Amino acid sequence: MGAVIAGVRLGGDLDAATVAAVRAAVLEHKVVFFRDQQHLDAESHEAFGRLLGTPVAHPTVPSVDGRYALGIDNDHGGRANQWHTDVTFVPAYPAFSLLRAEVIPPYGGNTLWSSTAAAYAGLPEPLRVLADGLRGIHTNDYDYAAVRPNAPTAALEQHRKVFTAVTFRTEHPVVRVHPETGERTLILGNFLQKLLGFRSRDSRALIDILQSHVELPENTVRWQWRAGDVAIWDNRATQHYGVDDSDDHERTLRRVTVDGDVPVGVDGRRSVLIAPEAVPEPAYGIASGASTDGALAQS
Ligand SMILES: [Fe+2]
């Protein structure tokens, strides 16, 4: 889980062989890290993202600078201290996320990633069989106050309002077959609200059991950021967690996501958008999850 790649200068002009090697490393190690990419700005970050797929906008959080890059900064409710996979409340959630560190606090603010392929593979056989048949409902409309008890109410309310401008509900299989590696990976994380066909108490208990395997330290890697670092992860085979332990020091990162494909379960059933009827067009660009034809984003 996790690999550091040295000797590569990321950008839109990277040669095809190196891009292919980076892509293969992301698929194998789930998350890869690059130091010293200070030359990147919003434009070249996005240009590099295009080499891995089609950059997509967040379905609800608007672009501030007319770019696909999403700002993640702890001043504006952007703390991510819950285990999650990015944007799983839409069907074709992003295949890859590319996170670039601009300002890093003097201490803390690490990010953890977990391999949902390793978590699945490590389940005891009866649990794997159970998980293979489960379907879950993911939504962006969850109880923010419950997960951020110390956040200032006004900031939290503002973040919630923007983030849930449109309420999405999507049904995913709990286990998807990865379109590039063929591995089985778990679709869980904080946007998962409930499992279909269970009373809520049973649903919660089952989710907790499965999620506990994702959070096993053996399945994770932890990265200590420096300004100029870039992390690229396979969003179809990971969850991540931004540790909220740098108090009020500034922490600013930029994220570019590239389009994914509609997940397919072990039984061949695809994910389904339940609400709204279609993923609405964002204020800027192409929405994450807008592709519904199951086509795989390729470089
Ligand atoms: Fe995230």
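Further up the page is the structure itself.
Residues numbered from 1 in each chain as written. Predicted model: local features only at pLDDT ≥ 70, side-chain atom pairs only at ≥ 80, totals over all residues. Heavy atoms only, no water.

Caption draft 1: Structural detail: the coordination of the iron ion. Here the iron ion is held by the protein donor atoms His-84 (NE2), Asp-86 (OD) and His-240 (NE2), which lie 2.1 to 2.2 Å from it. Mapping the donors of the iron ion onto the primary sequence gives the spacing H-x1-D-x153-H. Within this pair, whereas His-84 is found in the loop between strand 4 (70-73) and strand 5 (96-103), its partner His-240 is found in strand 14 (residues 238-242), the two being separated by 156 residues in sequence. Overall, His-84 belongs to the buried group, its relative accessible area being 9%. Residue class for His-240 comes out buried when judged on its relative accessible area of 7%. (Donors = N, O, S within 2.8 Å, 3.2 Å for Na, K, Ca; no water. Helix = DSSP H or I, 4+ residues; strand = E, 2+ residues; numbered from the N terminus. Buried < 20%, exposed > 50% of the residue type's maximum accessible area, 1.4 Å probe, protein only.)

Caption draft 2: The arrangement of helix 7 (residues 200-214) in detail. A rise of 1.5 Å per residue sets the reference length of helix 7, with its 15 residues, at 21 Å; its end C-alpha atoms lie 21 Å apart and thus fit the reference within 8%. Among all positions of helix 7, only Ser-203, Leu-206, Ile-207, Leu-210, Gln-211, His-213 and Val-214 are buried. An end-on view of helix 7 places all buried positions within 145 degrees of arc, on one side of the element. (Expected span 1.5 Å × (residues − 1). Arc of directions from axis to C-beta.)

Caption draft 3: Seen up close, the pattern of salt bridges. Taken as a whole and assessed by the stated rule, the structure comprises 17 salt bridges. A salt bridge links Arg-184 to Asp-132; its shortest N-O distance comes to 3.1 Å. Of the two residues, Arg-184 sits in strand 10 (residues 184-186) while Asp-132 sits in helix 4 (residues 125-132), which places them 52 residues apart along the sequence. A salt bridge links Arg-236 to Asp-234, with the nearest nitrogen and oxygen atoms 3.0 Å apart. Exposure remark for Arg-236: the relative accessible area of 1% places this residue in the buried category. (Salt bridge = Lys/Arg side-chain N within 4 Å of Asp/Glu carboxyl O.)

Caption draft 4: The arrangement of the pairing of strand 7 (residues 135-139) in detail. Of all the 5 residues making up strand 7, 5 are buried; the element is thus mostly covered by neighbouring parts of the structure. Burial along strand 7 is two-sided: the face carrying Arg-135, Ile-137 and Thr-139 and the face carrying Gly-136 and His-138 are both buried. Pairing of strand 7 with strand 8 (residues 169-173), which is carried by 5 bridges, proceeds in the antiparallel orientation. What sits directly across from Arg-135, in strand 8, is Pro-173. The pairing of strand 7 with strand 11 (residues 192-195) spans 3 bridges and is antiparallel. Pairing of Gly-136 across the sheet is with Leu-195, part of strand 11. (Pairing = 2+ DSSP bridges.)

Caption draft 5: Looking closely at the sheet that holds strand 6 (residues 111-115). The 3 strands are arranged 12-6-14 in an open sheet whose pairing can be described as antiparallel. Among the strands making up the open sheet, the edge pair consists of strand 12 (220-223) and strand 14. Across this sheet, the average inter-strand angle for adjacent strands is 20 degrees, counted without regard to direction. (Axes fitted to C-alpha atoms, helices over the stretch in contact; angles between N-to-C directions.)

None of this, on its own, says anything about what the molecule does.
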